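# Inside the fold
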Amino acid sequence: VAVKTPLQHVPLLSKRLANKIYLKREDLQPIHSFKIRGAYNKMSKMTEANRSRGVIAASAGNHAQGVAYSAKALGVKATIVMGENTPSIKVDAVKALGAKVILHGDTYDQAAIFAQEVARENDYVFVHPYDDANVIAGQGTIGMEILEQLATEPDIIFVPVGGGGLIAGVSAYSKAHAPQTKIIGVEAEGSACLSAAMEARRRVRIPFEELDLFADGVSVSQVGREPFRVVKDLVDEVVCVTIDEICAAIKDVYDDTRCIAEPAGALAIAGLKKYVAARKTNGKSLVGLVTG
Ligand SMILES: *Cc1c(COP(=O)(O)O)cnc(C)c1O
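By convention here, each chain's residues receive numbers from 1 onward along its written sequence. The predicted nature of this model means local features are confined to residues of pLDDT at least 70 and side-chain atom pairs, given and counted, to a pLDDT of 80 or more, with totals for whole chains, interfaces and linings taken over all residues. Side-chain measures here rest on the full set of heavy atoms in the structure, leaving out hydrogens and waters.

This part is about the overall build of the protein chain. Across its full length, the protein chain carries twelve helices and ten strands. Expressed as a percentage of its 292 residues, the buried residues of the protein chain come to 58%. Every residue pair with non-hydrogen atoms within 4.5 Å of one another is taken to be in contact. Look at the contacts in the protein chain between residues 6 or more apart in sequence, and 70% of them connect residues 24 or more apart. Residue exposure ignores everything except the shown protein chains as possible cover, and the areas themselves are Shrake-Rupley values with a 1.4 Å probe. Approximately 12,200 Å² of the protein chain is accessible, and the part contributed by carbon and sulfur atoms is 52%. Each charge sign in the protein chain was given a centre, from 34 positive and 33 negative side chains, and these centres are 5 Å apart. Strands are runs of DSSP state E lasting at least 2 residues, helices are runs of H or I lasting at least 4, and numbering of each runs from the N terminus. Each residue is assigned to one of three classes by its accessible area relative to the maximum for its type, calculated with a 1.4 Å probe on protein chains only: buried under 20%, partly exposed between the two thresholds, exposed over 50%. Positive charges come from Lys and Arg alone, negative charges from Asp and Glu alone, with His and the N- and C-terminal ends not counted. By convention, the point assigned to a charge is CZ for Arg, NZ for Lys, CD for Glu and CG for Asp.

Two strands in a sheet stick together by hydrogen bonds in their backbones, pointing the same way (parallel) or opposite ways (antiparallel). Pairing between two strands is assigned when DSSP locates at least 2 bridges connecting them. On the basis of which strands lie adjacent, the open sheet formed by six strands has the order E1-E2-E10-E7-E8-E9 and mixed pairing. With one partner strand each, in any of the chains shown, strand E1 (7-9) and strand E9 (237-241) form the two edges of the open sheet. Direction aside, neighbouring strands of the sheet carry axes that sit 25 degrees apart on average. Alignment of strand E7 (residues 156-160) against strand E8 (residues 182-188), held across five bridges, turns out to be parallel. Interaxial angle, 0 to 180 degrees, is taken between N-to-C directions of lines fitted to C-alpha atoms, where a helix line uses only the stretch in contact.

On to the pairing of E7, then. With respect to burial, E7 is a largely interior element, five of its five residues being buried. Along E7, one buried face is formed by Ile-156, Phe-158 and Pro-160 and the opposite face, lined by Ile-157 and Val-159, is buried too. Between the parallel elements E7 and E8, the chain passes through helix H8 (residues 165-177) in a crossover that is right-handed. Here E7 pairs with strand E10 (residues 285-290) via three bridges, running parallel. Bridged to Ile-157 within E10 is Val-287. With strands facing away from the observer, any crossover in which the path from the first strand over the helix to the second runs clockwise is taken as right-handed.

Among the seven residues of E8, six are classified as buried, and the element is accordingly described as predominantly covered. Note: E8 against E9, five bridges, orientation parallel. Each residue of the ladder has a partner; that of Ala-188, found in E9, is Val-241.

All right, on to the pattern of salt bridges then. Whenever Lys or Arg places a side-chain nitrogen within 4 Å of a carboxyl oxygen from Asp or Glu, that contact is recorded as a salt bridge. Counted by the stated rule, this structure contains 17 salt bridges. Across the pair Lys-90 and Glu-262 runs a salt bridge whose closest N-O atoms are separated by 3.3 Å. Residue Lys-90 is found in helix H5 (residues 88-96), and its partner Glu-262 is found in the loop between helix H11 (243-257) and helix H12 (263-279); the two are separated by 172 residues along the sequence. Both residues of the pair, Lys-90 and Glu-262, belong to the buried class. For Asp-255, the salt bridge is made with Lys-251, and the minimal N-O distance between the two is 3.0 Å.

Given 3.6 residues per turn, any residue in an α-helix points the same way as the ones three and four places further on. In this model, H8 (13 residues) spans 19 Å end to end at C-alpha, consistent with the 18 Å of a helix rising 1.5 Å per residue. All of the buried residues in H8 are Gly-165, Leu-166, Ile-167, Ala-168, Gly-169, Val-170, Ser-171, Ser-174 and Lys-175. Buried residues along H8 sit against helix H7 (133-149), E7, E8, helix H10 (225-231) and E10. The span you would expect from a helix comes to 1.5 Å times its residue count less one.

Lys-35, Asn-62, Gly-162, Gly-164 and Thr-291 are the nearest of the 16 residues found near the ligand. Any pair of N or O atoms that falls within 3.5 Å is considered a polar contact. Within protein, one atom must be able to donate a hydrogen and the other to accept it, and sequence-neighbouring residues count only if both atoms are side-chain atoms. Within the side chain of Lys-35, one N or O atom sits 2.8 Å away from an oxygen atom of the ligand. The contact in question runs from an oxygen atom of the ligand to an N or O atom on the backbone of Gly-165, over 3.0 Å. Considered on its own, the ligand offers 380 Å² of accessible surface; in the complex 97% of this is hidden by protein. For the shell around the ligand, the residue count by class is six nonpolar, eight polar and two charged. Any residue with at least one heavy atom within 4 Å of a molecule or strand is counted as near it. Under the grouping applied here, Gly and all other residues not named as nonpolar or charged are polar, the nonpolar ones being Ala, Val, Leu, Ile, Met, Phe, Trp, Tyr, Cys and Pro and the charged ones Asp, Glu, Lys and Arg.

Turning to the environment of Glu-148, a few remarks are in order. Inspection of the secondary structure puts Glu-148 in helix H7. C-alpha separation for the pair Glu-148 and Leu-166, spaced 18 residues apart in sequence, amounts to 18 Å.

A separate point is the nonpolar core. In plain words, nonpolar cores are sets of buried Ala, Val, Leu, Ile, Met, Phe, Trp, Tyr and Cys residues tied together by side-chain atoms within 4.5 Å. Counting residues in hydrophobic clusters, the biggest one holds 31 residues, and the most contacted among them are Ile-21 and Phe-158. Of all the secondary-structure elements, those providing two or more residues to this core are helix H1 (11-17), strand E2 (20-25), E7, E8, E9, H11, H12 and E10. Ranked by the residues each element gives to this core, the list is headed by H12, at nine residues. Ignoring any residue separated from it by four or fewer positions in sequence, one finds Phe-158 in contact with Ile-184, Val-186, Ala-268, Gly-271, Leu-272, Tyr-275, Leu-286, Val-287, Gly-288 and Leu-289.

Below, the structure is given as structure tokens:
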């Protein structure tokens with residue numbers, strides 16, 4: 001159900017930054033984000049008995065659409081719990097796919113706790129957005145496509161980080177098949193849960209009051225258990241960017257592609273620019289994931 005998205009060379013940004021830059025266009029998936037990869041992989045591997053129970057998910061939006069789309073494709077009943085701050089474009093998209101929507105809480109964590117209660121009461125299967133091996137493997141197919149689509153292995157792949165499922169899948173595949181390719185995680189300053197965990201060498205939780213919601217797709221207070229187990233030895237570095245840097249990257253993506261990325265969707269490009277400026281990286285082949 002997921003499409004093999006283009007890996008697009010971007011001439012304007014490449015020229016300005018003096019590197020060969022490619023964008024992986026996950027905004028071109030049927031639900032306009034990569035989340036369909038993990039959700040469908042997970043749900044297609046569920047037993048028939050579990051599928052007939054129905055599924056439930058909590059989501060800032062894109063995972064919800066991935067689960068709703070996959071549920072429709074597989075003929076499974078889906079319920080989605082979303083935070084009350086979820087943009088209406090995402091709520092409407094989930095409803096249009098035939099899923100039931102419950103709006104609850106201000107953050108992903110509050111929605112997730114409530115979704116687990118509803119799951120217990122109704123015997124639904126909970127589909128986690130990142131803390132699940134089959135979800136991680138589905139997101140990892142992006143890494144497989146990138147290595148197939150480039151004639152030579154890229155020097156660096158920049159990956160945005162929320163709960164860490166995407167970077168876990170991409171880094172696991174990439175380090176197995178192209179060990180010399182660096183994997184750089186990119187986080188929003190206001191939700192830098194992987195940076196905090198790398199520094200502390202264990203998962204830490206960012207207090208709710210300190211969590212920034214601008215890049216809503218990656219606004220997660222604690223990196224997932226399974227993602228952190230996978231990435232702690234595989235990710236070469238994590239870069240943090242400001243809201244201004246994210247906004248500038250949205251424009252850069254637009255100038256080359258005419259795609260308007262959501263904040264989380266342009267996050268990796270903001271990190272790519274910051275990394276290149278700090279390291280004076282020159283003449284390298286760099287891939288940035290445009291995730292939604
Ligand atoms: C979910 C999401 C991410 C981050 O993925 P994780 O697996 O949570 O790290 C990045 N960008 C967009 C657009 C997303 O929806």
